[in-house]
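Letter by letter, the chains look like this.
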Amino acid sequence: MMNNTYCRYAWMMAFVLAGATACKTSRPAGFTPPPAASQAVECWLTDPDSTARLEYQPVIHFSNTASAAPLITLNEQETYQTMDGFGCTLTGGSATLIMQMDAASRQKLLQELFGKGPNRLNMSYLRISIAASDMNASVFSYDDMPTGQTDTTLAHFTLGPDQNDVVPVLQQILKINPMLKILGSPWSAPVWMKDNGDTRGGSLLPRYYGAYARYFVRYIQAMKANGIPINAITVQNEPLHPGNNPSMKMLPEDQAAFVRDALGPAFERAHIKTKIIIYDHNCDRPDYPITVLNDPEANKYIDGSAFHLYGGKIEAMSEVHNAFPNKNIYFTEQWIGAPGHLKKDLDEHIRLLTIGASRNWARTVLEWNLAADPHQNPHTDRGGCNGCLGAITLDASNVVRNPAYYIIGHAAAFVLPGAVRIASNTSEELPNVAFKRPDGKQVLIVLNHSQQAQTFTVVTNKGNFQGSLHAGAVATYLW
């Protein structure tokens, strides 16, 4: 998780200066749809200036006329990337809090977040940390050794504290959604593999490349033994930001060498099919993944590149896609600062991530951190995020749903895995993104990024329909 103090708290202070107040609601999304009329469009709305929170609206009927300008025109014949899904990060701290709930409340919450059907978000993709992230109560790796000792054979490897929370929570989630895809990201190698002997910062020593590659293999095998398939890993979370605790710096040339000489071959030898994803950092350095992918021997092991947006512009992902169109793009993290401000957060994240990342080739769009307590705990000392608002706030078994919950819900519940992004014209005032699902249904997400109400016509292959949104509102249309 990015711990750039200026970046995080400049955003937070901007919210405060704008008159932000805590924007939370203790009620779940009210989006149970009644039976839709034939040839009708279903709509779910979040309007920060009203009480609508992912709420089902009266059905809209197609017509043959363009009843209002501007026009949003879809072209299902022009297709882009296939989506793996929308979701967030299940940090170790999130899992700890979920395990502290009573069993009935935990099952009800996980059904709401990961289940299919009415009033369920249907999150289809999760990112987890490989060992501790900065949103754990304390720092650990899967092979900690006393100072001065090493373990190159990984004789002491264990999933450690994750066996008490991350593993059982994932097992419960996978019973609800067996098709869920999971991405693992390390915040640091074990301390004995690093050049500074610290959990924070430092770099991986080349003489431990082989041992660290085997560490990844052991992790994937251990999770599989617990019934948890790891679909993909990133090589290093935020490799250019050694300020978190834990964290580790990894320059692009070093990442290329590690993948080329150790990680790729180790996966090959162990018959590991888990995808290798590089970079996993901000959109201000597209040169980083391009440098790694320019190494032909590293390139052959790499599925794609992952991005965050604490710096740079989302369009940088298209720059990397255009340089290597056969490699995938993923958006894997963005935080919301406590206390949250629904109008600002909804506009920013829907516009830049749900819409922006999807329109720039992302196969996933993930919000940071599923859950925190009312004080944004737990987190590590010396660099853990103490202002990261979870998608939900958990106080024992009490649940409060925060802005990221609705941001995720506007996509995850409707844009099913396997959906393909299709063409739609967009504008500054009405940014939007469209998809065609495997079942043939189409989805359109539209944000009113203006200061006044907007009425518009959506032109589809089935006919036209009219939409209307208050300033700052977002709607998901399904037909």
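Residues numbered from 1 in each chain as written. Predicted model: local features only at pLDDT ≥ 70, side-chain atom pairs only at ≥ 80, totals over all residues. Heavy atoms only, no water.

Colleague: For this particular structure, what's the right way to read the overall build of the protein chain?
Modeller: Counting secondary structure elements, the protein chain contains 11 helices and 21 strands. Taking 479 residues into account, the globule formula puts the C-alpha radius of gyration at 23 Å, and the protein chain, at 22 Å, falls close to it. In terms of overall dimensions, the protein chain has C-alpha extents of about 75 × 50 × 45 Å along its principal axes. Going through the 479 residues of the protein chain one by one, you find that 62% of them count as buried. (Helix = DSSP H or I, 4+ residues; strand = E, 2+ residues; numbered from the N terminus. Rg over C-alpha atoms; globule rule 2.2 N^0.38 Å. Buried < 20%, exposed > 50% of the residue type's maximum accessible area, 1.4 Å probe, protein only.)

Colleague: What is the right way to look at the sheet that holds strand S5 (residues 85-90) in this model?
Modeller: Pairing in this closed barrel of eight strands is parallel, and the strands run S5-S6-S7-S8-S9-S10-S11-S12 around the ring. Adjacent strand axes in the sheet meet at a mean angle of 30° when their direction is disregarded. Bridge count for strand S7 (residues 181-186) against strand S8 (residues 232-234) is two bridges, and the pairing is parallel. Residue pairing for S8: Leu-183 is matched across the bridge by Ala-232. Against the sheet, helix H9 (residues 316-323) touches strand S9 (275-283), strand S10 (302-312), strand S11 (328-333) and strand S12 (362-367), its axis set at about 155° to S11. (Pairing = 2+ DSSP bridges. Axes fitted to C-alpha atoms, helices over the stretch in contact; angles between N-to-C directions. Contact = heavy atoms within 4.5 Å.)

Colleague: How do you make sense of the nonpolar core when you look at a structure like this?
Modeller: Nonpolar side chains in soluble globular proteins tend to end up buried together. Residues Leu-204, Tyr-219, Phe-258 and Phe-331 are the most contacted members of the largest nonpolar core, which totals 124 residues. For this core, the element with the most residues is helix H5 (residues 209-225), which contributes 11 residues. Excluding residues that lie within four positions of it along the chain, Leu-204 makes contacts with Ala-189, Met-193, Tyr-209, Tyr-212, Met-248, Lys-249, Met-250 and Phe-258. Counting residues in each nonpolar core, the second largest holds 21 residues, with Ala-434, Phe-465, Leu-469 and Trp-479 among its members. (Core = buried A, V, L, I, M, F, W, Y, C linked by side-chain atoms within 4.5 Å.)

Colleague: Would you take a moment to explain the confidence of the model for the protein chain for this structure?
Modeller: The predicted structure's coordinates, where accompanied by low pLDDT, should not be read in detail. Across the protein chain, pLDDT averages 93, with 92% of residues at or above 70. Every residue in residues 2-26 scores below 50 in pLDDT, and together they form 62 contacts with partners more than four places removed in sequence or on other chains. (pLDDT = per-residue confidence, 0-100.)

Colleague: Whenever I open this one, the environment of Val-59 confuses me. Can you help?
Modeller: If you trace the backbone, Val-59 turns up in the loop between strand S2 (55-56) and strand S3 (60-61). Residue Val-59 is classed as partly exposed on the basis of its relative accessible area of 27%. For the pair Val-59 and Glu-42, spaced 17 residues apart in the sequence, the C-alpha separation amounts to 5.1 Å.

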